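Each chain, written out:
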Amino acid sequence: QFAHYYVSDRGSDRAKLKSLSEILLSPAHLGMKYDPLTTYTAQEAFDRQQGNCLSFSLLMVALAHELDIDLELNEVEVPAIWEMHNKKDFVRYRW
């Protein structure tokens, strides 16, 4: 209901998505805050009003579906990164 309340049924899907993203980020509305260390589900991101880029993307897709907009996530392959942590040959894997 959140998306239908704030986003007009008129206009293109692109215009609706622009409005939706502005409403999510606007302090006068949801006011999502970026937190690079937290990945939440769409519902958790909405409830907590914060999350990382994946959390925001999940929330956008969920709300777009509420507006009957066919929006999907793209799966991206990210190569593993190995690095030396200290002189004791400790290696850490990040992705």
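That block above? That's the structure.
The text that follows walks through the structure, step by step, so that each part is easy to find.

What counts and how
Residues numbered from 1 in each chain as written. Predicted model: local features only at pLDDT ≥ 70, side-chain atom pairs only at ≥ 80, totals over all residues. Heavy atoms only, no water. Helix = DSSP H or I, 4+ residues; strand = E, 2+ residues; numbered from the N terminus. Polar contact = N/O pair within 3.5 Å; in protein donor to acceptor, adjacent residues only side chain to side chain. Salt bridge = Lys/Arg side-chain N within 4 Å of Asp/Glu carboxyl O. Buried < 20%, exposed > 50% of the residue type's maximum accessible area, 1.4 Å probe, protein only. Expected span 1.5 Å × (residues − 1). Contact = heavy atoms within 4.5 Å.

Here we take up the environment of Ser12. With respect to the element layout, Ser12 can be found in the loop between helix H1 (2-6) and helix H2 (13-25). Considered as a pair, Ser12 and Ile69 are 57 residues apart in the sequence and their alpha carbons are 9.8 Å apart. Here Ala15 takes part through its backbone nitrogen, which lies 3.1 Å from a polar atom of the side chain of Ser12.

Looking now at the pattern of salt bridges. A complete count under the given rule lists two salt bridges for this structure. Between Lys18 and Glu22 there is a salt bridge whose closest N-O contact spans 2.6 Å. With Lys18 and Glu22 both in helix H2 and four residues apart, this pair spans about one turn of that helix. Note on Lys18: relative accessible area 53%, which makes it exposed. Here Arg48 ties to Glu44 by a salt bridge, and the two come within 4.0 Å at their closest N and O atoms. With Arg48 and Glu44 both in helix H3 (residues 42-48), this residue pair falls four residues apart, about one helical turn. Look at Arg48 and you get partly exposed, because its relative accessible area is 45%. Given a relative accessible area of 32%, Glu44 falls into the partly exposed group.

A separate point is helix H4 (residues 53-66). Compared with an ideal rise of 1.5 Å per residue, which puts 14 residues at 20 Å, H4 spans 20 Å between its outermost C-alpha atoms and is within 8% of the ideal. Among all positions of H4, only Ser55, Leu59, Met60, Val61, Leu63 and Ala64 are buried. Those residues of H4 that are buried lie in contact with H1, H2, H3 and strand S2 (50-51). You can read the cap of H4 off the contacts: a side-chain oxygen lies 3.1 Å from the backbone nitrogen of Leu54, and it is on Asn52. Count one or two residues on from H4 and you reach Asp68, which has phi positive near 60°.

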